[in-house]
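Analysis of the macromolecular model
Given next are the chains, with one letter for each unit.
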Amino acid sequence: MAVVFNKTQGLTEKEFHYCPGCTHGIIHRITAEVLEELGVLGDAIGVAPVGCSVLAYDYFNCDMNEAAHGRAPAVATGIKRALPDKVVFTYQGDGDLASIGAAEVVHAAHRGEKITTIFVNNAIYGMTGGQMAPTTLVGQKATTAPYGRDESLCGQPLKVSEMLATINGAAFVERVAVDTPANIRKAKKAIKKAFECQLEGKGYAIVEVLSTCPTNWGMTPVDAISWLQENMMPYYPMGNLRNPWEVE
Amino acid sequence: MAKVLMKGNEAVGAAAIKAGCKYFFGYPITPQNEVPEYMSKELPKIGGSFVQAESEVAAINMVYGAAGAGVRVMTSSSSPGIALKQEGISYIAGAELPCVIVNMMRGGPGLGSIQSSQSDYFQATRGGGNGDYRTLVYAPANVQELVDYTMKAFDMADYYRNPVLVLGDGMIGQMMEPIEFKETEKMDLPEKDWATTGTKGARKPNIVNSLRLQAPELEALNQKIEAKYMEMEEKEVIYESYKLEDAEIVFVAYGTVSRITKNAIDLLEQEGIKAGLIRPITLWPFPNKAFAEIPATAKALMSVEMSQGGQMIDDVKIANEGRLPIGFYGRSGGMVPAPQAIVEAAKELLGGVK
Ligand SMILES: Cc1ncc(C[n+]2csc(CCOP(=O)(O)OP(=O)(O)O)c2C)c(N)n1
Ligand code: SF4
């Protein structure tokens, strides 16, 4: 019988702890598959964030570092400068990257660090119980925005990819989603390019992945996907914002 | 090797390179700017890497990354910058990574001043970061010691897998003195088989991490780390005792102030008053055992510091175990104690305890 699906070598045997319907798991899998397909698992050094994916260091089947909240791009910079031939990546949530770690990501991009970031935007702080993130949509309820995000007090959600795309050191910037099988395939392609960008030494690469948090959104997994499609996608348009191969 | 004349801040960089450090991550702050400047000039020549980070927070986290990758790495700053590095120092201790951190202290609190100070003693020895961790702290009193202890700091960091702090001040950083890079004995250091360097498919993944979600696991990590601290307390204490014999008053002073205190001791001698000095070179672990050398002639101790009200004096009290009266003399904010002022303070203290 032909094997049509095998678990990637890029993941360990550890069982994910993510909530049912959480798309962190899908993003882990496609990232791990890319590392395996590019044949770089043995050279990969990942940096896990603080957030629901803090335990990513137990899931990726390569050397891993656990960074302080928001500092993953700085930690990755230290690793990459010490070991420039290795494949270094960060995996970060939106509280981690867009709030407490905003300076670290902007300057890693600004320096054009040859690292790759997988940025999981679920419009909320998952791990700490559903507080407002810089990416929470206007009107969206969160435990620290019980009446919904008030634009006049909290501003409009931060569009990280658009912001980073203004920085020349950010060679590859793309926003994807993992809501449908077709989009998952596109997301995987983007992640692969983001690693190729690093392998070819072109500069900083980031893929923003629109993701769900059914638990803190208070929805079933199916409703969460619909909510992402109806509310997040219009505000966070998908597509490539920077591509080093097109520039040439 | 011949002696060379070098500024403290450059000598510390040269010493680090001599000790095999090829990676430096820093952020400008006076009075230590010559350290990153020197490293930015020298490291590219030896195939290393210098990064001017976006902040001290980022710099120390870059140190975390490089240390986790198994290389010798250093950062330097001055007081407010070291305050920002505390998060990273705690994580580095928790993840058991080796690194060297230099603090050329300036006056505080807040933005304070850019002149010399010793008001980060608490920060250095008690730790400003969270958790049960310690850092080995060397307090050099001259540029030669700055060089020697910076080099030693790298070995100690690797041996214990713990951050090591070199605590100077603006004066030591800015001062030029003749120094010599001594050939030291190579320490027998363990292989860094824990480093994240890529598995090459040849071993299980390594994980650099301070998170232990299960309480018993975190307690076990803390116990393991504590055992290292106990070993440091037993083996790494360094101090100098100076003219303790027959001393009526024993000063306790470190770094720059210990030099001034030695001048005060000479002045007192001219007036027929015998004074001695205990000079802690490791501030943590504190040289408690030095206090056993205090002669029966001693009537009082005096902590002399560039700090308002004193910080090290707390450790002097612990080491003294209530035996002798303890006085204090200090200046702060960048003001430096004059030998004569120390003499007067000592005479006043002795007058009071007679
Ligand atoms: C310095 C610091 N501040 C706050 C926290 C608490 N904290 C842990 S996870 C988290 C939010 C993470 O949210 P996000 O990055 O959106 O990831 P998600 O959990 O949604 O995947 C916070 C605030 C911390 N660990 N450290
Ligand atoms: S809390 Fe949200 S982000 Fe975290 S695992 Fe659950 S669903 Fe995923």
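Not measured: the values here are computed from a predicted model.

1. Regarding the packing of helix α3 (residues 72–82) of chain A against helix α5 (residues 102–111) of chain A
All names here are of chain A.
- Two numbers describe how α3 lies on α5: the axes approach to 8 Å, and their chain directions differ by 35 degrees. Counted together, Pro73, Ala74, Thr77 and Arg81 of α3 and Glu104, Val105, Ala108 and Arg111 of α5 form the full contact between these two elements.
- For the contact of α3 with α5, the class distribution of residues is 4 nonpolar, 1 polar and 3 charged.

2. Examining the sheet that holds strand β10 (residues 239–242) of chain B
Residues and elements named next belong to chain B.
- Reading across the sheet, the 5 strands line up as β10-β12-β11-β14-β15 and stay open at both edges, with mixed pairing between neighbours. At either end of the open sheet lies a strand with only one pairing partner, and these are β10 and β15 (326–330). Averaged over all pairs of adjacent strands, the angle between strand axes in this sheet comes to 20 degrees, irrespective of strand direction.
- Here β10 pairs with strand β12 (residues 275–280) via 4 bridges, running antiparallel. Bridging across to β12, Tyr239 finds its partner in Pro280.
- Relative to β12, helix α9 (residues 255–270) is tilted by about 170 degrees, and along the sheet it contacts β10, β11 (249–252), β12 and β14 (300–305).

3. With respect to the site of ligand 1
Residues and elements named next belong to chain A.
- Contacts to ligand 1 come from 16 residues, most closely from Cys52, Asp94, Gly95, Asp96 and Gly126.
- Between an oxygen atom of ligand 1 and a main-chain N or O atom of Gly95, the distance comes to 2.9 Å.
- Here an oxygen atom of ligand 1 sits 2.9 Å away from a polar atom, N or O, in the main chain of Met127.
- Relative to its unbound accessible surface of 590 Å², ligand 1 loses 76% to contact with the protein.

4. Thoughts on the sheet that holds strand β3 (residues 87–93) of chain A
- Spatially, β7(A)-β5(A)-β6(A)-β4(A)-β3(A)-β1(A)-β2(A)-β9(B) is the arrangement adopted by the 8 strands of the open sheet, whose pairing is mixed. In this open sheet, the two edge strands, each paired with only one partner strand, are β7 (239–242) of chain A together with β9 (207–208) of chain B.
- Judged from the 4 bridges that link them, strand β1 (residues 44–48) of chain A and β3(A) form a sheet pairing that is parallel. The residue of β3(A) that forms the bridge with A:Ile45 is A:Val88.
- Those strands touched by α3(A) are β1, β2 (63–66) and β3 of chain A, and its axis lies near 175 degrees from that of β3(A).

5. Quick look at the interface of chain A and chain B
- Facing the 32 residues of chain A at the interface are 35 residues of chain B.
- Counting each side, the surface lost to burial between chain A and chain B is near 2500 Å², with a carbon and sulfur contribution of 58%.
- The interface formed by chain A and chain B includes 4 salt bridges.
- Inspection of the chain A/chain B interface yields 17 residue pairs in polar contact (both at pLDDT 80 or more).

6. A short note on unusual backbone geometry
All names here are of chain B.
- Cis geometry marks the peptide bond from Thr30 to Pro31; its omega dihedral reads 10 degrees.
- In this fold, Pro31 is placed in the loop between β2 (23–26) and α2 (34–42).
- Of note, the bond from Trp284 into Pro285 is cis; its omega dihedral lies within 30 degrees of zero at -5 degrees.
- Locating Pro285 in the fold gives a position in the loop between β13 (282–284) and β14.
- Backbone geometry at Lys243 places phi at a positive 50 degrees, although glycine is not the residue there.
- Position of Lys243 relative to the elements: it lies in the loop between β10 and β11.
- For Asp246, which is not glycine, the phi torsion reads 60 degrees and is therefore positive.
- Along the chain, Asp246 falls in the loop between β10 and β11.
- Among the residues examined, Asp246 registers a relative accessible area of 38% and is labelled partly exposed.

7. Looking at the domain arrangement of chain B
Residue and element names in this part refer to chain B.
- Entries for chain B in the domain assignment read domain 1 (4–235) and domain 2 (239–352).
- The centre of domain 1, based on its C-alpha atoms, is set 28 Å off from the matching centre of domain 2.
- In this assembly, 32 residues from domain 1 lie in contact with 27 residues from domain 2.
- On inspection of domain 1 and its partner domain 2, the count reaches 3 salt bridges.

8. A short note on the confidence of the model for chain B
- For chain B, per-residue confidence averages 97 on the pLDDT scale, and residues scoring 70 or more make up 99% of the total.
- Both scores are available for the predicted complex, with the pTM at 0.97 and the ipTM at 0.96.

9. Quick notes on the environment of A:Asp85
Residues and elements named next belong to chain A.
- Relative to the elements of secondary structure, Asp85 occurs in the loop between α3 and β3.
- Take Asp85: its relative accessible area is 71%, and that puts it in the exposed class.
- Along the chain, Asp85 and Leu137 lie 52 residues apart, while their C-alpha atoms are 39 Å from each other.

10. A word on the site of ligand 2
- Lining the immediate environment of ligand 2, one finds A:Tyr18, A:Cys19, A:Cys22, A:His24, A:Cys52, A:Asn122, A:Gly126, A:Cys213, A:Pro214, A:Thr215 and A:Asn216.
- It is helix α9 (residues 214–217) of chain A that provides the largest number of residues to the shell around ligand 2, a total of 3 residues.

11. Concerning the nonpolar core
- One finds A:Tyr204, B:Phe25, B:Met39, B:Met74 and B:Phe291 to be the most contacted residues of the largest nonpolar core, which totals 118 residues.
- With 10 residues, the single largest contributor to this core is helix α6 (residues 143–160) of chain B.
- Grouped together as the second largest cluster of nonpolar side chains are 39 residues, A:Tyr18, A:Cys22, A:Ile27 and A:Tyr59 included.

12. Re a positive patch on the surface
- A contiguous patch of positive charge on the surface is contributed by A:Arg185, A:Lys186, A:Lys189 and A:Lys193.
- On the basis of relative accessibility, which here comes to 58%, the residue A:Arg185 falls in the exposed class.

13. Here's the deal with the side chain of B:Ser113
Residues and elements named next belong to chain B.
- Tracing the backbone shows Ser113 in the loop between β5 (99–105) and α5 (121–126).
- Residue Ser113 is classed as buried on the basis of its relative accessible area of 13%.
- In this structure the side chain of Ser113 is engaged in a polar contact, spanning 3.3 Å, whose partner is the backbone nitrogen of Gln115.
- Setting aside its immediate chain neighbours within four residues, Ser113 contacts Arg106, Gly107, Gly333 and Gly334.

14. A closer look at the packing of aromatic side chains
- Taken as a whole, this structure holds 15 aromatic pairs over all chains when the rule is applied.
- Geometrically, the ring pair formed by A:Phe60 and A:Phe89 is edge-to-face, given 5.4 Å between the ring centres and 80 degrees between the ring planes. Residue A:Phe60 is located in the loop between α2 (56–59) and β2, and its partner A:Phe89 is located in strand β3; the two are separated by 29 residues in the primary sequence.
- Ring geometry for B:Phe24 versus B:Phe50: centroids 6.0 Å apart, planes at 10 degrees, classification stacked. Here B:Phe50 lies in strand β3 (residues 49–52) and B:Phe24 lies in strand β2, a separation of 26 residues in the sequence.
- Joined through ring pairs, the aromatic side chains of A:Phe60, A:Phe89, A:Tyr91 and A:Phe195 make up one cluster.

15. Topic: helix α8 (residues 215–235) of chain B
All names here are of chain B.
- The end-to-end C-alpha separation of α8 is 30 Å, in line with the 30 Å expected for 21 residues at 1.5 Å each.
- Within the sequence span of α8, burial applies to Leu221, Ile225, Lys228, Tyr229 and Met232. Take α8 and look down its axis: the buried residues cluster within an arc of 100 degrees, on one side only. Facing away from the buried side of α8, by more than 90 degrees, are the exposed residues Ala215, Pro216 and Glu234.
- Elements in contact with the buried residues of α8: α4 (79–94), β6 (136–138), α6 and β13.

Cut-offs applied
Residues numbered from 1 in each chain as written. Chains lettered and ligands numbered in written order. Predicted model: local features only at pLDDT ≥ 70, side-chain atom pairs only at ≥ 80, totals over all residues. Heavy atoms only, no water. Axes fitted to C-alpha atoms, helices over the stretch in contact; angles between N-to-C directions. Helix = DSSP H or I, 4+ residues; strand = E, 2+ residues; numbered from the N terminus. Contact = heavy atoms within 4.5 Å. Nonpolar A, V, L, I, M, F, W, Y, C, P; charged D, E, K, R; others polar. Pairing = 2+ DSSP bridges. Near = heavy atom within 4 Å. Polar contact = N/O pair within 3.5 Å; in protein donor to acceptor, adjacent residues only side chain to side chain. Areas by Shrake-Rupley, 256 points an atom, 1.4 Å probe, with all protein chains shown as cover. Buried area = accessible area lost by both parts, 1.4 Å probe. Salt bridge = Lys/Arg side-chain N within 4 Å of Asp/Glu carboxyl O. Buried < 20%, exposed > 50% of the residue type's maximum accessible area, 1.4 Å probe, protein only. Domains from an automatic or database assignment. pLDDT = per-residue confidence, 0-100. Core = buried A, V, L, I, M, F, W, Y, C linked by side-chain atoms within 4.5 Å. Patch = residues over 30% accessible without salt bridge, like charges linked within 9 Å, V, L, I, M, F, W, Y side chains within 5 Å. Lys, Arg positive; Asp, Glu negative; His and termini not counted. Charge placed at Lys NZ, Arg CZ, Asp CG, Glu CD. Phe/Tyr/Trp six-rings, centres within 6.5 Å; stacked < 30°, edge-to-face > 60°. Expected span 1.5 Å × (residues − 1). Arc of directions from axis to C-beta.

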